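# Coordinates in review
The primary structure of each chain is shown beneath.
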Amino acid sequence: MENTEVEWVDENGERVDGRMVDELRETKMEVDVLEEADGSAMVEVGNTRVVASVFGPQDLHPAHLQESDRAVIKMRYNMAPFSVDDRMRPGPNRRAKEIGLVAKRALEPAIELEQFPTAGIDISMEVIESDGGTRATGITAASLALADAGIPMKGLVSSCAAGVVGEHVVLDVNGKEDKEGNADIPIATINGGDDITLLQMDGDLTQEQVEECVSLAKDGCADLHSQQREALLRKYRGEN
Amino acid sequence: MKLNTDAIKEMAEEGERLDGRDLNEYREINVEQNYISTTSQGSALVEIGDTKVVVGISFEVESPYSDRPNAGTIVTNAELAPMADREFESGPPQETGVELARVVDRGIRESEAIDLEALCIEEGEKVYTAFIDVHILNNDGNLLDASALGAIAALTDGYVPAYDEENDELNHDEVGMEEIPLTKVPVTATGRKIGSKVLWDTSREEEEALGSRLTVTLTEEDQVVAMQKGGREAMTEEEISQIISGAKNHTSKFRELLEE
């Protein structure tokens, strides 16, 4: 798979899109972008754009899905047909369902679910344009949507990936780096801290490379966390 | 909700609406073309009030239908994302999405707006298929007009990617035709009857009081190219005429938005 033609990091330390190895793509965040949902947010990371929404806490039906001691999260991850170069068939496929599950697991530890026994919280993410990192961007957006919905949380969840392209460990792999690079490790952390709630990987790396990726991605999450705080503050200052 | 429904009907009789608009007045309309710049071949965001719709155009190469071997094809699809509406939580209503897609499709197909023969690559073998994908992000009523406006805005924004004969695939990075071959620009508006009055651009709340509706698609020459009646109640000949006349007014304003 490795494309040896591509110079992933040039002599100036620049990547294919001009970024440094430890640099996130240009990121924009906005909360409260949808009227109907209780909470919502749009996050753009480079050309990747995800809208997330939250409904709840609310009655959960059917009743057998309820938990007596905590709220239950229902999560949907979906890619719009026009969000990829080769049109995607409408509706969540197997990949989307798995991402929905890991995204739910990434967010759960940060949410005070025990405050809402038997209730349901519906989280949904729609990818409207993708260039790598859609699950991470979705998790970052969903966390903002939860905060926007006023759901009590231990902290904001931030997510980004680090990967290896050529022999270089780089932060926030874009679509091209993801497709042709060696490996990609998305992680999520709570409050930009040490608790990691998402980790996936495929590729061919040494333990040292994995450790380097996780450490770099943690720094990326900390950076995203401060941007999330800013986005929420902008809303409450009325600057949206 | 019954209380509101009654209030909406009573107010309509007096020519009034909950949000203070005139019966024939639209909310603010925002059209942003080229909204999905990297992965689609034509796109638009349309907001009418709080209703929010994204439409993206994608092309694929497929075999033509045997009865029209030299014509490209169109596929229109509409997705009501669960985030769009609290009521969609347990899965969006299938019928609504299907009707929405079919009404948008008919306005474009029956007006022969797209020059399908220009989308033929090799007669009987390979033609372009244009996918028009409507994605509803927020529902505050009048999804029909927002979706149809989004579709035509995306089509007029779009291009056709180049066909790479050697690899028998589309090269999305290369332009085959600078513009999607359009012969006309059909635009759609929907009049909705509530009580005995016709209202335009209804909010979701107002639509709960809906009696009937008529969606009208018109060309730039004001030729009627597609219509769809919906709703549980009947409609008279006079009301149909009234709505077609109203649609002429409204669509001419939509055209100005498309030209901006």
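Below or above, wherever it landed, is the structure these notes cover. Owing to the predicted nature of the structure, the values given are computational and were not obtained by experimental measurement.

## What about the overall build of chain A?
Broken down by element type, chain A carries four helices and nine strands. Taken against the 2.2 N^0.38 rule, which gives 18 Å for 240 residues, the C-alpha radius of gyration of chain A at 18 Å falls within 12% of a compact globule. Based on the C-alpha atoms only, the size of chain A along its principal axes is roughly 55 × 40 × 35 Å. Out of the 240 residues belonging to chain A, those deemed buried represent 56%. When contacts within chain A are restricted to residue pairs at least 6 apart in sequence, those whose partners lie at least 24 apart make up 67%. In the structure as shown, chain A presents an accessible area of about 10,500 Å², 45% of it carried by carbon and sulfur atoms. Placing the 24 positive and 47 negative side-chain charges of chain A at their respective mean positions leaves the two points 7 Å apart.

## Details of the environment of B:R255
All names here are of chain B. As for its position among the elements, R255 is in helix 5 (residues 237-259). Between the C-alpha atom of R255 and that of E220, which follows or precedes it by 35 residues, the distance is 8.3 Å. Apart from the residues within four sequence positions on either side, R255 is in contact with V185, P186, V187, L218, T219 and E220. At a separation of 2.8 Å, a polar atom in the side chain of R255 contacts the main-chain carbonyl oxygen of L218. From its side chain, R255 meets the backbone oxygen of T219 in a polar contact 3.2 Å long.

## Looking at the packing of aromatic side chains
All names here are of chain B. Counted under the stated rule, the structure contains two aromatic pairs over all chains. Both rings, one in Y26 and one in F254, keep their centres 5.1 Å apart while their planes meet at 85°; by these two values the pair is edge-to-face. Here Y26, found in the loop between helix 1 (2-13) and strand 1 (29-33), pairs with F254, found in helix 5; they are 228 residues apart in sequence, far enough to count as distant. Of the two residues, Y26 and F254, neither departs from the other in class, the shared state being buried. Relative to Y128, the ring of F59 lies with its centre 5.9 Å away and its plane at 80°, an arrangement referred to as edge-to-face. Residue F59 is located in strand 3 (residues 51-62), and its partner Y128 is located in strand 6 (residues 126-138); the two are separated by 69 residues in the primary sequence.

## Observations concerning the sheet that holds strand 10 (residues 197-200) of chain B
All names here are of chain B. Pairing in this open sheet of four strands is antiparallel, and the strands run 10-9-11-12 from one edge to the other. Since the sheet does not close on itself, it has two edges, and those belong to strand 10 and strand 12 (224-230), each with one partner. On average, each strand axis in the sheet is inclined to that of its neighbour by 25°, with strand direction left out of account. Judged from the seven bridges that link them, strand 9 (residues 187-194) and strand 11 (residues 212-218) form a sheet pairing that is antiparallel. Looking at strand 11, one finds that V187 is bridged to L218. Sitting on the sheet, helix 2 (residues 94-109) touches strand 11 and strand 12, and the angle it makes with strand 12 is about 160°. Strands strand 9, strand 10, strand 11 and strand 12 of the sheet are contacted by helix 5, whose axis makes an angle of about 140° with strand 9.

## Some words on helix 2 of chain B
Residues and elements named next belong to chain B. Between its first and last C-alpha atoms helix 2 spans 22 Å; for 16 residues at 1.5 Å apiece the expected length is 22 Å, and the two agree. Taken as a whole, helix 2 has its buried residues at G97, L100, A101, V103, V104, D105, G107 and I108. Buried positions along helix 2 lie against strand 4 (73-80), strand 6, helix 3 (143-157), strand 11 and strand 12.

## Some thoughts on helix 4 (residues 207-236) of chain A
Residue and element names in this part refer to chain A. With 30 residues, helix 4 ought to run about 44 Å at 1.5 Å a step, and its terminal C-alpha atoms sit 43 Å apart, in line with that. Among all positions in helix 4, only Q209, C213, V214, L216, A217, G220, C221, L224, H225, Q228, A231 and L232 are buried. Looking one or two residues past helix 4, G238 carries a phi angle of roughly 75°, positive in sign.

## Concerning the pattern of salt bridges
Any two side chains of opposite charge can pair, given that their charged atoms come close. Here the structure, examined in full by the defined rule, presents 33 salt bridges over all chains. For B:D19, the salt bridge identified is with B:R21, shortest N-O distance 3.0 Å. Residue classification places B:R21 among the buried positions, given a relative accessible area of 7%. Linked by salt bridges that have partners in common, A:R15, A:D17, A:R19, A:R25, A:D131, A:D172 and A:E177 make up one network.

## Examining the nonpolar core
Counting residues in hydrophobic clusters, the biggest one holds 61 residues, and the most contacted among them are A:V54, A:L107, A:I111, A:I121, A:I123, A:I139 and A:L146. Sequence-distant contacts of A:V54, that is, excluding residues within four places in its chain, are made with A:A37, A:D38, A:G39, A:I121, A:D122, A:I123, A:A142, A:A145, A:L146, A:A149 and A:I151. Counting 57 residues, the second largest nonpolar core, distinct from the first, contains B:A71, B:I74, B:A84 and B:F254.

## Things to note about the interface of chain B and chain A
Across the boundary between the two partners, chain B contributes 29 residues, which contact 34 residues of chain A. Between chain B and chain A lies a buried interface of about 2,700 Å² when both sides are counted; carbon and sulfur atoms form 52% of it. Our enumeration of links across chain B and chain A arrives at three salt bridges. The partner of B:R204 in a salt bridge is A:E36, with the nearest N and O atoms 3.5 Å apart. Counting across the chain B and chain A interface gives 13 residue pairs in polar contact (both at pLDDT 80 or more). Looking at the side of chain B that touches chain A, the elements with two or more residues in it are strand 3, strand 4 and strand 6 of chain B. Of the residues forming the side of chain B that touches chain A, the biggest block, six residues, is contributed by strand 3 of chain B.

## What about a nonpolar patch on the surface?
Residues and elements named next belong to chain A. On the surface, I196, L199 and M201 cluster together into a nonpolar patch covering about 250 Å² of accessible area. Locating M201 in the fold gives a position in the loop between strand 9 (196-199) and helix 4. Judged by relative accessible area, which is 37%, M201 ranks as partly exposed.

## Observations concerning unusual backbone geometry
Cis geometry is found at the peptide bond from A:G56 to A:P57, where omega equals 0°. Examined against the element boundaries, A:P57 turns out to sit in strand 3 (residues 48-59). Located in the positive-phi region is A:D32, a residue other than glycine, with phi close to 60°. Relative to the helices and strands, A:D32 is located in the loop between strand 1 (27-31) and strand 2 (39-45). One non-glycine residue, B:D222, lies in the positive phi region at around 65°. Inspection of the secondary structure puts B:D222 in the loop between strand 11 and strand 12.

Thresholds applied
Residues numbered from 1 in each chain as written. Chains lettered and ligands numbered in written order. Predicted model: local features only at pLDDT ≥ 70, side-chain atom pairs only at ≥ 80, totals over all residues. Heavy atoms only, no water. Helix = DSSP H or I, 4+ residues; strand = E, 2+ residues; numbered from the N terminus. Rg over C-alpha atoms; globule rule 2.2 N^0.38 Å. Buried < 20%, exposed > 50% of the residue type's maximum accessible area, 1.4 Å probe, protein only. Contact = heavy atoms within 4.5 Å. Areas by Shrake-Rupley, 256 points an atom, 1.4 Å probe, with all protein chains shown as cover. Lys, Arg positive; Asp, Glu negative; His and termini not counted. Charge placed at Lys NZ, Arg CZ, Asp CG, Glu CD. Polar contact = N/O pair within 3.5 Å; in protein donor to acceptor, adjacent residues only side chain to side chain. Phe/Tyr/Trp six-rings, centres within 6.5 Å; stacked < 30°, edge-to-face > 60°. Pairing = 2+ DSSP bridges. Axes fitted to C-alpha atoms, helices over the stretch in contact; angles between N-to-C directions. Expected span 1.5 Å × (residues − 1). Salt bridge = Lys/Arg side-chain N within 4 Å of Asp/Glu carboxyl O. Core = buried A, V, L, I, M, F, W, Y, C linked by side-chain atoms within 4.5 Å. Buried area = accessible area lost by both parts, 1.4 Å probe. Patch = residues over 30% accessible without salt bridge, like charges linked within 9 Å, V, L, I, M, F, W, Y side chains within 5 Å.

Any functional reading would require information that these geometric values do not contain.
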